[in-house]
Amino acid sequence: MICCAAGAGRHGCAMRLLDPATPLAVTLDWGEGRRLPVGRLAFDRGRALFEADPAYLASGLDLSAGSYPPRPGIIRAQTDRFEGLHGLFADSLPDSWGRLLLNRRAARHGITTARLTPLDRLAGIGELGIGALTFRPAMEPEAAPDGGIDLPTLARDALHLLAGEEAPSLALLQRLGGSPGGARPKVLVGLDGAGALVHGEQVLPPGFTHWIVKFPAGEDMEDIGPVETAYMEMARQAGLRVPDFKLITAPDGPGFFAARRFDRDGAVRIHVQSLCAILEAPPGLTLIGYRELLLATRQVTRDAGEVKEAFRRAVFNLLAHNRDDHAKQHSFIMDQSGRWRLSPVYDLTFASGPGGEHQMDFAGEARQPGPADLNRLADLADVPRPFVRQVVQQVLDITARWPAIAEAAGVTKTSAAQITAGLERAARPFRKG
Ligand SMILES: Nc1ncnc2c1ncn2[C@@H]1O[C@H](COP(=O)(O)OP(=O)(O)OP(=O)(O)O)[C@@H](O)[C@H]1O
Ligand SMILES: [Mg+2]
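A brief look at the structure comes next. None of the values given here were measured: they were computed from a predicted structure. (Residues numbered from 1 in each chain as written. Chains lettered and ligands numbered in written order. Predicted model: local features only at pLDDT ≥ 70, side-chain atom pairs only at ≥ 80, totals over all residues. Heavy atoms only, no water.)

## Focus: the coordination of the magnesium ion (ligand 2)
Logical step 1: Looking at the metal site, the magnesium ion (ligand 2) is ligated by Gln329 (OE1) and Asp347 (OD), spaced 2.2 to 2.3 Å from it. On the criterion of sequence distance, the pair formed by Gln329 in the loop between helix H10 (304-319) and strand S14 (331-334) and Asp347 in the loop between strand S15 (340-342) and helix H11 (371-380) is long-range, its members being 18 residues apart.
Logical step 2: Asp347 sits in the buried class, given a relative accessible area of 14%. (Donors = N, O, S within 2.8 Å, 3.2 Å for Na, K, Ca; no water. Helix = DSSP H or I, 4+ residues; strand = E, 2+ residues; numbered from the N terminus. Buried < 20%, exposed > 50% of the residue type's maximum accessible area, 1.4 Å probe, protein only.)

Printed below as a string of structure tokens:
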């Protein structure tokens, strides 16, 4: 999509808010010209109202995986936890980073943040969201300046924006990175085998595939790119379902972690829902633990193999000391026949978690989970005990290889040592007796 020249001003495209009387049309865009009209969204007294399209009703699909089964009539959002939106649609909104970009764009157009409704924010996503849901009328996307994509420049500008300063790449960052969730700056790009980068929207030139590239936020280790790469490599060796991933090197810096997008396959778009959306529980709600992940996985996928994969992720996060394990760190993807499975993993890194605890508990234990907690968790979800023992041993063997994996990924000695100490702490209860 291009910016209309008529609307372009000093700050790029004109930015208009939705007319409150105009419903937002939701469409599932499978790509390659195939679209399913999903319905219309309006907002009334702090809650979104959804009316399903007859085509969606007839499709037999449930895009919410159970939280909002389609039915005729108006379906009101159940809670105000997602600013009054249904979790199904709120999942298309970005978290703090994308939010900051839209707020900054609005400010440049004289629109205060308070005037942006959740539907305006969805209109801001338009067709550029993660997954396959699209929203119309879409807000005119930022004009994408001509020229190449220089990752170190974007990363530096992102840090300025996070610090509340101005940055010349604001428009480009908004265009390339305004839609994915998460707190860290990131961009969606097309990447080819030779490392060339193009804007990662919709259909890419031949030879390019869709990738997400992450930049450090201010509070991150400086070498977070190599650390996340090494963590993904540990996850791969531990048998988790990982996407293609790589470290994109930079001439004078540690480089950037990049993962192939699991919501795109060439021109095909894949519908995604996070655990947060499915359970109507935003990140940070302490009710969601690994028990809920396992039970939701069983209910949504109806596949014992997927429950085992979810359990493997729980063990990995425990033994890899990934305590930033909130409910938006787990997602499900749906194929066009309506079959769900866990998405490949993402956002695996060394993290201490709030107050030093896991955000998701292991059958009640979040501070120092041990074998008894894992066994209880497994029993709650009918995961067989021999599988638990096998996975724990396998992941312990992999985390013991951390120093070599870290060195291969270019992690600094200081970060590697800090993480080694954390991995030893996490493994301690499993080494007793
Ligand atoms: N490989 C991928 N393919 C498609 N979507 C992805 C991929 N990796 C991440 N995402 C989406 O982008 C979002 C943000 O990614 P990620 O969790 O890695 O970022 P983050 O900023 O580090 O997050 P946090 O704020 O949790 O630390 C995820 O919630 C997920 O929806
Ligand atoms: Mg995340």
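From this point, the discussion proceeds with the structure in view.
## Here's the deal with the environment of Leu275
Logical step 1: Take Leu275: it is sitting in helix H8 (residues 275-278).
Logical step 2: Residue classification places Leu275 among the buried residues on the basis of a relative accessible area of 0%.
Logical step 3: Sequence-wise, Leu275 and Lys328 are 53 residues apart; in three dimensions their C-alpha atoms are separated by 6.0 Å.
Logical step 4: The residues contacting Leu275, other than those within four sequence positions of it, are Ile288, Glu292, Leu293, Ala296, Ala327, His330, Ser331, Phe332 and Met360. (Contact = heavy atoms within 4.5 Å.)

## Observations regarding the sheet that holds S15
To summarise the sheet geometry, strands pair through backbone hydrogen bonds and adopt either a parallel or an antiparallel arrangement.
Logical step 1: Sheet architecture is open: three strands sit in the order S13-S14-S15, paired in antiparallel fashion. One side of each edge strand has no neighbouring strand; the edge strands of this open sheet are strand S13 (271-274) and S15. In this sheet, adjacent strand axes meet at a mean angle of 30° when their direction is disregarded.
Logical step 2: Looking at chain direction, S14 and S15 are connected through three bridges and run antiparallel. Along S15, the bridge assignment pairs Met334 with Trp340.
Logical step 3: Contacts between helix H9 (residues 290-301) and the sheet are confined to S14 and S15, with S15 contributing the most and set at about 150° to the helix. (Pairing = 2+ DSSP bridges. Axes fitted to C-alpha atoms, helices over the stretch in contact; angles between N-to-C directions.)

## What to know about H11
Logical step 1: The complete set of buried residues in H11 reads Asp373, Leu374, Leu377 and Ala378. Across the axial projection of H11, the buried residues extend over an arc of 135°, all falling on one side.
Logical step 2: Lining the buried residues of H11 we find H9, H10, helix H12 (385-399) and helix H14 (413-431).
Logical step 3: Downstream of H11 by one or two residues, Asp382 has phi in the positive range, about 60°. (Arc of directions from axis to C-beta.)

Treat this as a map of the structure, not an account of what it does.
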